[in-house]
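Tertiary structure, described
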Amino acid sequence: MAYENILVETRGNVGLITLNRPKAMNALCAALIDELSDALDGFEKDAGIRCIVLTGSEKAFAAGADIKEMKSKDFMDVYGEDFITHDWERVTWTRKPVIAAVAGYALGGGCEMAMMCDFIIAAENAKFGQPEITIGTIPGSGGTQRLTRFVGKSKAMEMCLTGRMMDAAEAERSGLVSRVVPVEDLLEDAMKTAEKIAGLSLPSVMMAKEAVNRAYETTLAEGVKFERRLFHSSFATQDQKEGMAAFAEKRPANWKHR
Ligand SMILES: CC(C)(O)CC(=O)SCCNC(=O)CCNC(=O)[C@H](O)C(C)(C)COP(=O)(O)OP(=O)(O)OC[C@H]1O[C@@H](n2cnc3c(N)ncnc32)[C@H](O)[C@@H]1OP(=O)(O)O
C-alpha cells in the first residue's frame, strides 16, 4: 500500500510511524486510519521489529477525527457502518508494544489514539483534550472510558464536559503520560526507550504487556491469576533459561526471542 498520510520507517528493531497531514493538524481521516492499520499489520508480521513508536509533528500528534470528512454524515451513516470502531482501535490489538510520542495537540481521536498505545511520552508543549462537546458530539473512540481510567472521574468529566485541554505537566501529574521531555528530545527519547524494549526478550515483553493490560479488564484476583499463569509460561521459553543463566554467569543475555 502506498502511504500518503503517514511515514513509515524501520530503525534497527524499532518500527516508526509518523502521522503526516501537516496542513490538517494530522486530523485522522479514513485514509490515514487505513494506512495506519496496514503499517501496524506490517510491523506485527516483521519478526525483526520488536517495538513500535507512533508520533506526529511538533505542532500536533493529531487534532482528532477529520471533522470536515465527518460533518455531513447522518445517524444511519455512522450507526450503519458502526463508525469509529475496528480499524480505529487497531493500535489496541497490536501485540508488540506501541509507544506514543506526543508533541503539540492530541485532541479528540488524537488523544484517544495516544491512550490506546501502551504508554505515552509527552513533549513539554503537548496538550491533551476531548473537545468533541464543543462541536456538538461526544468522544467516540474510547475517550470517556480510557481518560477516566487514566486520570479519574473528576478530571475526565471536567475535560469531556468543557473541552478543557490538559498540558503536559498536568498530564504527567495525573498519570496520563509516563514522562515529559523537551520538545527537541521527544523522538530521540522515545526511540531510545523503544530500543531498550526491543533489546529485551520479545515473549517476555509481550507477556508483560498482556498482563498489565488485563488489569483494565478484570478483577484484581483474576488479574493476579492471569499474571501468574503467564509468569509460569515464561519458564517454557528459551529466553527465561538464557536470561537467568546470563545473570548467574555475569554476562549479557543472548536473547532468541523464543
Ligand atoms: C474520534 C472522535 C469520535 O472522538 C471524534 C473526534 O475526534 S472530533 C474532533 C475533535 N477535535 C477537535 O475538535 C479539534 C479541532 N481543531 C482545533 O480545535 C484546532 O484546529 C487546534 C486547536 C487543534 C489548532 O488551532 P490552530 O492552531 O488555530 O489551527 P487551525 O487553523 O484551527 O488548524 C489548521 C488547519 O487544520 C485543520 N484542522 C484542525 N483540526 C482538524 C480536524 N479535527 N479535522 C479537520 N481539519 C482540522 C483546520 O481546519 C485548518 O485547516 P485550514 O482551515 O487551514 O484548511
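Residues numbered from 1 in each chain as written. Predicted model: local features only at pLDDT ≥ 70, side-chain atom pairs only at ≥ 80, totals over all residues. Heavy atoms only, no water.

- Under an unreviewed UniProt entry, the protein chain has the name enoyl-CoA hydratase and belongs to Denitrobaculum tricleocarpae.
- Taken from UniProt, the Function (unreviewed entry) comment for the protein chain reads in full: "Could possibly oxidize fatty acids using specific components."
- Looking at the protein chain in UniProt, the text filed under Sequence similarities (unreviewed entry) is "Belongs to the enoyl-CoA hydratase/isomerase family." (UniProt positions renumbered as here; feature names shortened; annotations may be inferred.)

1. Some details on a nonpolar patch on the surface
- Where nonpolar side chains cluster on the molecular surface, the patch consists of Met25, Tyr105 and Met165 and spans about 240 Å² of accessible area.
- With respect to the secondary-structure elements, tyrosine 105 resides in strand E6 (residues 105-107). (Patch = residues over 30% accessible without salt bridge, like charges linked within 9 Å, V, L, I, M, F, W, Y side chains within 5 Å. Areas by Shrake-Rupley, 256 points an atom, 1.4 Å probe, with all protein chains shown as cover. Salt bridge = Lys/Arg side-chain N within 4 Å of Asp/Glu carboxyl O. Helix = DSSP H or I, 4+ residues; strand = E, 2+ residues; numbered from the N terminus.)

2. Structural notes on the packing of helix H4 (residues 109-116) against helix H5 (residues 143-151)
- H5 packs onto H4 with a crossing angle of 55° between their chain directions and a minimal axis gap of 10 Å. Relative to H5, the element H4 is oriented oblique. Crossing geometry of H4 relative to H5 is assigned as left-handed. Mapping the contact onto sequence places Glu112, Met115 and Met116 in H4 and Gly143, Arg146, Leu147 and Phe150 in H5.
- Classifying every residue of the contact of H4 with H5 by side-chain character gives four nonpolar, one polar and two charged. (Axes fitted to C-alpha atoms, helices over the stretch in contact; angles between N-to-C directions. Parallel < 35°, antiparallel > 145°, perpendicular 65-115°, else oblique. Left-handed = near helix turned anticlockwise from the far one by under 90°. Contact = heavy atoms within 4.5 Å. Nonpolar A, V, L, I, M, F, W, Y, C, P; charged D, E, K, R; others polar.)

3. Quick word on a negative patch on the surface
- A cluster of acidic residues, Glu58, Glu124, Glu184 and Asp185, forms a negative patch on the protein surface.
- Assignment of secondary structure puts glutamate 124 in the loop between strand E7 (119-123) and strand E8 (127-129).
- Overall, the relative accessible area of 53% leaves glutamate 124 in the exposed class. (Lys, Arg positive; Asp, Glu negative; His and termini not counted. Charge placed at Lys NZ, Arg CZ, Asp CG, Glu CD. Buried < 20%, exposed > 50% of the residue type's maximum accessible area, 1.4 Å probe, protein only.)

4. Brief notes about the pattern of salt bridges
- Under the criterion given, the structure shown has 14 salt bridges.
- Between arginine 146 and glutamate 89 there is a salt bridge, with its nearest N and O atoms 4.0 Å apart. Taken together, the positions of arginine 146 in helix H5 and glutamate 89 in the loop between helix H3 (75-80) and strand E5 (98-102) put the pair 57 residues apart, joining distant regions of the chain.
- With a closest N to O distance of 2.7 Å, arginine 251 and glutamate 242 form a salt bridge.
- Exposure remark for glutamate 242: the relative accessible area of 16% places this residue in the buried category.

5. Considerations on the site of the ligand
- Surveying the vicinity of the ligand reveals 21 residues, the closest of which are Ala65, Lys68, Gly109, Glu112 and Glu132.
- In this structure, alanine 65 approaches the ligand through a main-chain N or O atom, which is 2.8 Å from an oxygen atom.
- Here an oxygen atom of the ligand and a side-chain polar atom of glutamate 112 are 2.8 Å apart.
- Computed on the free molecule, the ligand has an accessible area of 1000 Å², of which 65% lies beneath the protein chains in the complex.
- When residues of the shell around the ligand are traced back to their parent elements, those giving at least two are helix H2 (67-70), E6 and H4. (Near = heavy atom within 4 Å. Polar contact = N/O pair within 3.5 Å; in protein donor to acceptor, adjacent residues only side chain to side chain.)

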